[in-house]
Amino acid sequence: MAGRAQPSGPAGSGGGAPGLLPLLLLLLSAAAIIPRGDGQNLVTEDVTVVEGDVATISCRVKNSDDSVIQLLNPNRQTIYFRDFRPLKDSRFQLVNFSNSELRVSLTNVSISDEGRYFCQLYTDPPQEIYTTITVLVPPRNLVIDIQKETAVEGEEIELNCTAMASRPATTIRWFKGNKELTGKSEVEQWSDMYTVTSQLLLKVGREDDGVPVICLVDHPAVKDLQTQRYLEVMYKPQVRVSQNYPLQGLTREGEPLELTCTAFGKPQPTDMRWLRVDDEMPQHVVVSGSNLLISNLNKTDNGTYRCEASNAVGKSHADYMLFVYDPPTTIPPPTTTTTTTTTIPTTITDTTATTEPAVHGFTQLPNSAEELDYGDLSGTPVPLTASTEALPTVQLSNASLAFQPDSRAGEEGAIRSVDHAVVGGVVAVVVFAMLCLLIILGRYFARHKGTYFTHEAKGADDAADADTAIINAEGGQNNSEEKKEYFI
């Protein structure tokens with residue numbers, strides 16, 4: 001190796017100190033007379049190390065018999081002979097030495113250190129085994145180049161990611177946000193190093209504005225090595241029309257209407273205007289910036305109103321279709337119906353005493369449906385003349401049916417008025433029929449109820465027996481034709 005001292009010893013290649021040659025010959029002679037250990041062998045492992053790190057080489061002996069162990073470099077130069085280092089390279093340091101192991105470390109490893117290293121055991125015959133040191137070199141630079149710093153929506157842009165001077169060649173992966181994309185890679189080799197360039201073609205939209213594009217490296221010498229660029233995408237305005245009033249959304253004649261236009265874009269829109277599609281804007285419409293106000297709607301305002309916004313990229317619009325409905329109608333109060341209560345008392349009259357004929361009252365019925373609809377049915381007593389009959393008193397305590405006139409605008413109000421008139425007429429007929437039935441039933445029950453008195457038994461109080469009572473009765477047998485019977 002360049003810059004290294006030539007070792008001395010049996011495996012040396014010249015250039016050793018002259019005083020060491022007799023010592024080595026003496027050692028070889030001693031090794032020749034040492035008994036050979038049957039079944040002895042050497043064990044070692046390959047080493048992979050990242051450039052600049054430390055590599056450790058280990059030569060181990062199974063069933064050791066105190067034979068001499070030495071380590072040689074790829075050029076067959078002795079690095080260590082037992083615990084002695086003939087090679088003048090301070091990067092090699094002895095870690096451990098015994099009859100069964102020789103362990104050496106190599107610091108600040110570089111590409112020139114890569115190759116085969118030999119472990120030798122001086123037996124008869126000598127044994128030898130080699131280990132391979134592999135040096136990994138991570139990419140020194142990871143750069144993303146973008147074709148255009150600012151792209152327009154719908155445009156296809158080119159991005160290139162370059163990983164320089166790596167060993168072995170690296171693998172490049174692309175991500176947009178959390179989504180992995182596919183690029184096209186090219187590999188260039190310079191001496192023992194590899195440079196990889198990956199190209200990505202990406203069609204951008206407004207949703208890509210501010211999204212990071214990541215270039216990620218897969219390499220055994222490094223983990224999580226990545227770089228990223230944020231996309232900057234310009235796009236046309238996005239326009240939206242919202243209705244501020246009326247809140248319920250239903251536009252009626254005579255009410256106000258307020259609309260607001262909002263627009264978002266990159267760059268931010270600076271020009272916004274309202275217009276009426278296929279017609280002129282009404283004169284009573286007030287436009288103030290992004291707001292449109294109609295204080296008093298009428299059916300001539302029906303149509304489509306458009307808000308337009310523009311920026312450096314282009315122009316966009318949003319439409320609002322206005323339809324004016326009829327004004328609201330007055331809702332009538334609910335109709336209240338009063339229940340009729342009828343009281344029918346029964347009177348029993350004693351005909352033995354002299355009394356005046358009973359005066360009974362009944363409720364005077366209305367003369368027409370109008371009186372039933374808007375008037376009160378008040379109980380008015382009417383005198384009746386009765387000789388020996390007493391009618392039960394029939395009295396209506398409260399028979400007021402209140403029907404308020406229905407005042408509605410338009411055809412709907414007229415229909416409801418007719419319905420209430422029909423219902424009122426039906427109720428009046430039913431009430432009248434029930435009153436008539438109650439009067440008839442009262443007269444019927446009064447006619448078949450009462451107490452009967454006769455003069456046949458008059459004077460029976462002083463009679464000794466029934467025959468005498470009959471004979472002493474008022475008028476006796478001769479006056480039987482004059483007997484009278486009173487029925488109530």
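The model shown is predicted, which means the values in this text are computed figures rather than measured ones.

Analysis parameters
Residues numbered from 1 in each chain as written. Predicted model: local features only at pLDDT ≥ 70, side-chain atom pairs only at ≥ 80, totals over all residues. Heavy atoms only, no water. Helix = DSSP H or I, 4+ residues; strand = E, 2+ residues; numbered from the N terminus. Pairing = 2+ DSSP bridges. Phe/Tyr/Trp six-rings, centres within 6.5 Å; stacked < 30°, edge-to-face > 60°. Buried < 20%, exposed > 50% of the residue type's maximum accessible area, 1.4 Å probe, protein only. Lys NZ or Arg CZ within 6 Å of the ring centre and 35° of its normal. UniProt positions renumbered as here; feature names shortened; annotations may be inferred. Axes fitted to C-alpha atoms, helices over the stretch in contact; angles between N-to-C directions.

### Quick word on unusual backbone geometry
In most cases, non-glycine residues show a negative phi, while peptide bonds are predominantly trans. With an omega of 0°, the peptide bond between Arg167 and Pro168 qualifies as cis. Structurally, Pro168 can be placed in the loop between strand E12 (156-166) and strand E13 (171-176). Here Lys266 and Pro267 are connected by a cis peptide whose omega angle stands at 0°. Here Pro267 lies in the loop between strand E20 (257-266) and strand E21 (271-276).

### Observations concerning the pairing of strand E16 (residues 193-203)
As a general feature of sheets, a regular strand has side chains that alternate between the two faces. Of the strand pairs in this sheet, E12 and E16 are connected by nine bridges, and their pairing is antiparallel. Bridging across to E16, Thr162 finds its partner in Thr197. Strand direction decides the pairing type here: strand E15 (residues 184-190) and E16, joined by seven bridges, are antiparallel. Along E16, the bridge assignment pairs Lys184 with Gln199. Between the antiparallel neighbours E15 and E16 lie two residues, among them Ser191 with a positive phi of about 60°.

### A few points about the packing of aromatic side chains
Tallied over the entire structure, the rule returns four aromatic pairs. Aromatic pair Phe118 and Tyr130: ring centres 6.3 Å apart, planes at 65°, arrangement edge-to-face. With Phe118 in strand E8 (residues 115-122) and Tyr130 in strand E9 (residues 127-136), this pair connects stretches of sequence that are twelve residues apart. Taking relative accessible area as the criterion, Tyr130 reaches 38% and is therefore assigned partly exposed. Measuring from centroid to centroid gives 4.8 Å for Phe323 and Tyr325, while their planes differ by 80°, and the two rings are edge-to-face. You can call Phe323 partly exposed: its relative accessible area is 47%. The ring of Phe118 is capped by Arg76, whose NZ or CZ atom sits 4.1 Å from the centre of that ring. If you follow Arg116 out to its NZ or CZ, it ends over the ring of Tyr130, 4.0 Å from the centre.

### Overview of the UniProt feature "transmembrane region" (unreviewed entry) in the protein chain
Per the UniProt record, "transmembrane region" (unreviewed entry) is annotated on residues 421-441. Here residues 421-441 runs as 100% helix and 0% strand, with 31 Å between its end C-alpha atoms.

### Here's the deal with the pairing of strand E19 (residues 233-245)
Examined bridge by bridge, strand E11 (residues 151-152) and E19 share two bridges and lie parallel to one another. Counterpart to Ala151 in the pairing with E19 is Val233.

### A word on the sheet that holds E15
Spatial strand order, E10-E12-E16-E15: four strands in an open sheet with antiparallel pairing. In the strand order of this sheet, the two ends are held by strand E10 (141-146) and E15, each with one partner. Neighbour-to-neighbour, the strand axes of this sheet turn through a mean angle of 15°, independent of strand direction.

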